Amino acid sequence: MPSTVMGGFAANFLGNAPTWYKQVIILFLIANPLIVWTFGPGVAGWVLVGEFIFTLAMALKCYPLLPGGLLAVESLLIGMTTPEAVYHEVLTNFPVILLLMFMVAGIYFMKDLLLVTFTQILVGVRSKSALSLLFCCAAALLSAFLDALTVTAVIISVAVGFYSVYHKVASGKGYHHKDHNALSDDGVIELHREDLENFRAFLRSLLMHGAIGTALGGVATMVGEPQNLLIAKVVGWDFVEFFQSMAPVSLPVLVAGLITCWLLEKLRWFGYGTRLPKPVRQVLEEFADNERSKRTKADQAALWVQALAAVVLVIGLAFHLAEVGLIGLLVIILITAFTGVTDEHQIGKAFQESLPFTSLLVVFFAIVAVIHEQHLFKPIIDLVLSLPESSQPAWFFVANGVLSMISDNVFVATVYISEVKQALDAGTITTEHFQNLAVAINTGTNLPSVATPNGQAAFLFLLTSAIAPLVRLSYGRMVVMAFPYTVVMGTVGLFSVIQMI
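Worth saying up front: this structure is predicted, and the values here are computed from it rather than measured.

Asker: With reference to specific residues and values, describe the packing of helix α3 (residues 41–57) against helix α4 (residues 65–77).
Answerer: Across the interface, α3 lies against α4 with an axial gap of 9 Å and an inter-helix angle of 160°. By the angle between their directions, the pair α3 and α4 is classed as roughly antiparallel. Like other packed secondary-structure pairs, α3 and α4 cross with a definite hand, here left-handed. Each of Leu-48, Glu-51, Phe-52 and Thr-55 in α3 lies in contact with α4, whose residues at this interface are Pro-67, Gly-68, Leu-71 and Ser-75. In terms of residue class, the contact of α3 with α4 is built from four nonpolar, three polar and one charged.

Asker: Which residues make up unusual backbone geometry, and what are the values?
Answerer: Trans is the prevailing form of peptide bonds, just as negative phi is the prevailing case for residues other than glycine. For Arg-268, which is not a glycine, the phi torsion comes out positive at approximately 60°. By the secondary structure assignment, Arg-268 is in the loop between α12 (239–267) and α13 (278–294). Classification of Arg-268 as exposed rests on a relative accessible area of 51%. In this structure, His-375 takes a positive phi of about 55° despite not being glycine. Structurally, His-375 can be placed in the loop between α17 (354–373) and α18 (378–385).

Asker: Explain the packing of helix α19 (residues 392–406) against helix α20 (residues 409–425) residue by residue, including any values.
Answerer: Between α19 and α20, whose axes approach to 8 Å, the crossing angle comes to 145°. As for the relative orientation of α19 and α20, their crossing is right-handed in sense. Along the contact surface, α19 presents Phe-396, Ala-399, Asn-400, Leu-403 and Ser-404, while α20 presents Asn-409, Val-412, Ala-413, Tyr-416 and Val-420. Looking at the contact of α19 with α20 residue by residue, the class counts come to seven nonpolar, three polar and no charged.

Asker: Talk me through the packing of aromatic side chains; I want residue IDs and the actual numbers.
Answerer: For any pair of aromatic rings, the description rests on two quantities: the centre-to-centre distance and the angle between the ring planes. Following the criterion strictly, the structure yields 11 aromatic pairs and no others. On the numbers, 5.6 Å between centres and 35° between planes, the contact of Phe-52 with Phe-364 is tilted. With a gap of 312 residues between them, Phe-52 in helix α3 and Phe-364 in helix α17 connect regions that are remote in the sequence. What makes Phe-52 buried here is its relative accessible area of 2%. Among the residues examined, Phe-364 registers a relative accessible area of 4% and is labelled buried. Taken together, a centroid distance of 6.3 Å and an interplanar angle of 80° make the contact between Tyr-272 and Tyr-485 edge-to-face. Of this pair, Tyr-272 sits in the loop between α12 and α13 while Tyr-485 sits in helix α24 (residues 475–500), and the two are 213 residues apart along the sequence. Side by side, Tyr-272 and Tyr-485 carry an identical accessibility label, which is buried.

Asker: With reference to specific residues and values, describe α20.
Answerer: Taking 1.5 Å of rise per residue, 17 residues should cover 24 Å, and α20 covers 24 Å from first to last C-alpha, within 8% of that figure. Taken together, the buried positions of α20 are Asn-409, Val-410, Phe-411, Val-412, Ala-413, Val-415, Tyr-416, Ile-417, Val-420, Ala-423 and Leu-424. Next to the buried residues of α20 lie α5 (83–92), α11 (226–235), α17, α18, α19 and α21 (431–446). Just beyond α20, the residue with positive phi is Gly-427, at close to 80°.

Asker: Explain the nonpolar core residue by residue, including any values.
Answerer: The biggest cluster of nonpolar side chains holds 158 residues, and the ones touching the most others in it are Phe-162, Met-208, Leu-462, Ile-467 and Met-489. The dominant element in this core, judged by the number of residues it contributes, is helix α9 (residues 148–170), at 15 residues. When near neighbours in sequence (up to four residues on either side) are disregarded, Leu-462 contacts Thr-152, Ile-156, Leu-207, Met-208, Ala-211, Ile-467, Ala-468, Leu-473 and Met-478.

Asker: Tell me what's going on with the environment of Val-253, and back it up with residues and numbers.
Answerer: Tracing the sequence through the fold places Val-253 in helix α12. Residues Val-253 and Val-90, spaced 163 residues apart in sequence, show a C-alpha to C-alpha distance of 32 Å. In this structure, Val-253 is in contact with Leu-216, Leu-447, Met-489, Val-492 and Gly-493, ignoring residues within four places of it in sequence.

Asker: Go over the pattern of salt bridges with me, naming the residues and quoting the values.
Answerer: In a structure, side chains of opposite charge can pair up when their charged atoms sit close to one another. Evaluation of the coordinates by the stated rule reveals five salt bridges. For Arg-126, the salt bridge is made with Glu-285, and the minimal N-O distance between the two is 3.3 Å. Of this pair, Arg-126 sits in the loop between α7 (111–124) and α8 (128–145) while Glu-285 is found in helix α13, placing the two residues 159 residues apart along the sequence. Judged by relative accessible area, which is 58%, Arg-126 ranks as exposed. Of the charged contacts in the structure, one is a salt bridge between Glu-197 and Arg-200, with a shortest N-O distance of 2.5 Å. Linking Glu-197 with Arg-200, this pair stays in helix α10 (residues 193–218), spanning three residues, or about one helical turn. Overlapping salt bridges, with partners in common, bring together Lys-128, Glu-265 and Arg-275 in one network.

Asker: Describe the state of the cysteines, and please don't skip the residues or the numbers.
Answerer: Taken as a whole and assessed by the stated rule, the structure comprises zero disulfides. With no disulfide partner, Cys-137 has as its closest neighbouring cysteine sulfur the one in Cys-136, 6.1 Å distant. There is no disulfide at Cys-261, and the cysteine sulfur nearest it, in Cys-136, is 4.7 Å away.

Asker: Quick rundown of the environment of Met-103? Include the residues and the values.
Answerer: Along the chain, the position of Met-103 falls in helix α6 (residues 94–108). Judged by its relative accessible area of 1%, Met-103 falls in the buried class. Considered as a pair, Met-103 and Leu-149 are 46 residues apart in the sequence and their alpha carbons are 8.8 Å apart.

The rules behind the values
- Residues numbered from 1 in each chain as written.
- Predicted model: local features only at pLDDT ≥ 70, side-chain atom pairs only at ≥ 80, totals over all residues.
- Heavy atoms only, no water.
- Axes fitted to C-alpha atoms, helices over the stretch in contact; angles between N-to-C directions.
- Helix = DSSP H or I, 4+ residues; strand = E, 2+ residues; numbered from the N terminus.
- Parallel < 35°, antiparallel > 145°, perpendicular 65-115°, else oblique.
- Left-handed = near helix turned anticlockwise from the far one by under 90°.
- Contact = heavy atoms within 4.5 Å.
- Nonpolar A, V, L, I, M, F, W, Y, C, P; charged D, E, K, R; others polar.
- Buried < 20%, exposed > 50% of the residue type's maximum accessible area, 1.4 Å probe, protein only.
- Phe/Tyr/Trp six-rings, centres within 6.5 Å; stacked < 30°, edge-to-face > 60°.
- Expected span 1.5 Å × (residues − 1).
- Core = buried A, V, L, I, M, F, W, Y, C linked by side-chain atoms within 4.5 Å.
- Salt bridge = Lys/Arg side-chain N within 4 Å of Asp/Glu carboxyl O.
- Disulfide = S-S within 2.5 Å.

Take a look at the structure:
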């Protein structure tokens, strides 16, 4: 316990984060104004981006909202961006914020249906390679017609359910034991510890296959990722035209990605290939049988309501009948109204997962505002636009991919498509070349960006979700596990852009 008030401040700052981590954050906060005054806001902007990525990389040490938020506030105070610029970035990405607020909460109320469905798949498909391919294919297909964040929320919900069931048993408790702390292994029986570690590795691989699947499918259609819709509006493509324009790149990459998934499981490289331990499978089978035997008529009615809500969700998203977040709110209303969830506190639990990440995303948009205000990417954009026209699509793919790994693919796509549209309006490029560059921008921001968790919102959501600390899925581990996919998807995507566009 601290013996002085100053000691109390030191202990309270960033809570239980390691002392060295606290010291690094303080060093960042002290250094940033000095860098602005000494080297200028341009250099300080790149330093700030690196510092923010550091807070993401250390997400398991301290939730990035806190240190990242301090860095964002400081950037405002020292004039690297303005509140108006931050508000503009937030407003531009408001559909994504709505999605996180309501769609993730909507998925929470469908967790019983998801757990029943995926438990049957998990215990029914005994081949790990086949199961991984199934997860990857399902995520790709759903992302093409829904959106990557929604699909990621489903995968996370399922994984948390699986993990919680076995962790309770491994701790010597029953399936439905209340107030169980799945974050702590203190109560885990020694006999189950190795199986628990293998189960974590098993879930990590499924989560990463699923996350990669959202990128494979999300690139193909105008509703798959937020920037796809933006690009489609600027170019003037409808759903079919967008799909046909992306197909020369998206389809070869999809095939290559699925082959990579199968090979990684067979070769057991980069953290993949761990099989489901037999004791865990037995527990999940018993859990499924137990759930089935004790299911009442009211429980069955609730599952039917969730299934019908899922149909409404799919139809609403596939035809883009409303903003994704509003459809999520509709799902919440339908399920709670027809399953008897009427207490405010019960409903509030659904938002515990989404709102911290929504807050983190707003902080992230503040960092993006710094990038925008300081024109950090402009030299790269100008360089690519100055290259010969025949080589521009390939270089646009590379530049968008690299910059998306550093910042955010939605922001990068927004900047690049705006610059290219200005070139079209000025008459410096043709409409056909403009459309080719739009394909390169969309595929570049969607495919190589899987390299880092901050490259795509779905990956960042996975990193900061409840499942990440449970299965020990850190920033570094995600980068390592995504590396083979990054190489294959980036290489095949670049080759397709060169050869087919």
